[in-house]
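Breakdown of the fold
Letter by letter, the chains look like this.
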Amino acid sequence: MTAAIVVTSLALFSMFFGAGNLIFPPMLAVEAGDNFWPAILGFLGTGALLPVLAVVAIALSGANVRDLAKRAGAVFGIVFPVLAYLSIGAFYALPRTGAVSFETAISPLFGVEGLLPSALFNIVFFGVSLALSWNPNTIMEKLGKFLTPTLLILLFVMIAVAAMKWDAQPRTPDETYADSPLTSGLLQGYLTMDSIAALAFSIVVISTLRYRGFPEGAPVVRGTILAGAGAGAMLALIYLGLGSIGRVFPDPEQFSNGAGLLANASQLTMGTAGHVVFSLIVLLACLTTSVGLITATAEYFSDEFAGSYKTWAVVFTIASTVIATQGLEFVMAIAAPVIGFLYPPAIALIFVTLVEPAFRSRTRFTWAFFLPIWVAVVWSAIETFVSLGWAADALRPLVSWAPLAADGLGWVLPVAAAFLIGLAVDLAKPRTPRAIGTNETVNGDVLTA
């Protein structure tokens, strides 16, 4: 059982750890300068801790993201999971793995660019991803036993060599990190999208543990939580290591993104071999994430809609290949508004699900579930419309008054207030006694009154 949890934890880490996770921390370190520690702690909060909390929430609830979302109403129960899976699937995260692999690993190494080379590469890249994800029951073993250890070894080599070669230098923080480095780090961690992905990946973890012989109920819950915690710990350690490269690299201001910085760091420390190592890291990071995303999205859509798992896997693979061929900027243009909209309700969903067990003996959340999530939805929708310039002058005053609004976290206080109001209403309701002999299921365990 322990070996299965370790392998699953390694596989989950590799599903989380894609190209964005690789290139964000070193650039954060450059921009944060002497404010590195509060900035990286903020990044770890949303980039490592929040995904673990999402895994814990799904495990404790005993429900998948679709069933959890339905508790906030039929509309939210349909729309939110579909948008979440599409955002981590064919709309953004999945094609991003191919686009980043080509632009960061293949193009610089071989000096090729353009539509035709991009198309040929993405056909091969997503073809391999589809082949590895063809059997969802064995995906964790393929990732955890083979691909992830290779990825971790390459990352360790790159981080260790850079740490031995250079020392950290004092650096003035950029404007973004000068006044509120913690908040800026939190927002940067959003971009990994791992919190939303965790809501989907958790079901893959649970299915794998069941397939490996874990009994229903507490053993599956404990195994899922331990796998999530292990993956989160590995993410945090790797983020700190990658951030340290940004701290020690000489004259990093010449780079506009973390990909260029890491590529040059690898080449300066290990020569041509370093360039190859970096390209392999990017390819493996993107490939493992791509496999996980195909598996999670195809499983969800095959369960929720017509069509088999393999049919949906092929559909998402073809769509991602076409979108990724257009390049990273095209992918980002499609996805940015959807990402911004989804995060507040996703975090609200995770928070409420985690808090509910503490009140289970007194009440079952109804309004405490419904109100904060819908406040998050409405608030996030208004901010998305403003960011797109849709009736911005009329809508901006509705959200600009809130504390932390300037930092993109204006939704936090209204959502917290909505939760407290909903909780008060739920606690005030008389608890309906269950009839003697009725059963209640919690996390797969049947409790008898």
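Anyway, here's the lowdown on the structure attached to this text. (Residues numbered from 1 in each chain as written. Predicted model: local features only at pLDDT ≥ 70, side-chain atom pairs only at ≥ 80, totals over all residues. Heavy atoms only, no water.)

**Description of the overall build of the chain**
A count of helices and strands for the chain gives 19 helices and two strands. Against the 2.2 N^0.38 benchmark of 22 Å for 449 residues, the chain shows a C-alpha radius of gyration of 22 Å, consistent with a compact globule. Taken along its principal axes, the extent of the C-alpha atoms in the chain is 75 × 50 × 40 Å. Burial status across the chain gives 55% buried among its 449 residues. Within the chain, counting contacts between residues at least 6 apart in sequence, those at least 24 apart form 79% of the total. (Helix = DSSP H or I, 4+ residues; strand = E, 2+ residues; numbered from the N terminus. Rg over C-alpha atoms; globule rule 2.2 N^0.38 Å. Buried < 20%, exposed > 50% of the residue type's maximum accessible area, 1.4 Å probe, protein only. Contact = heavy atoms within 4.5 Å.)

**With respect to the nonpolar core**
Among the nonpolar cores identified, the biggest contains 147 residues, and F17, L22, F80 and L242 are the most heavily contacted of them. Considering each element in turn, this core owes the most residues, 15 residues, to helix α14 (residues 272–304). For L22, the residues in contact, after removing those within four places along its chain, are F17, L155, L242, L262, F278, I281 and V282. (Core = buried A, V, L, I, M, F, W, Y, C linked by side-chain atoms within 4.5 Å.)

**As for the pattern of salt bridges**
For the structure shown, the criterion picks out seven salt bridges. The salt bridge involving E216 is made with R210; its shortest N-O contact spans 2.9 Å. Relative accessible area serves as the criterion here: at 46%, E216 is assigned to the partly exposed category. Given the relative accessible area of 42%, R210 is considered partly exposed. (Salt bridge = Lys/Arg side-chain N within 4 Å of Asp/Glu carboxyl O.)

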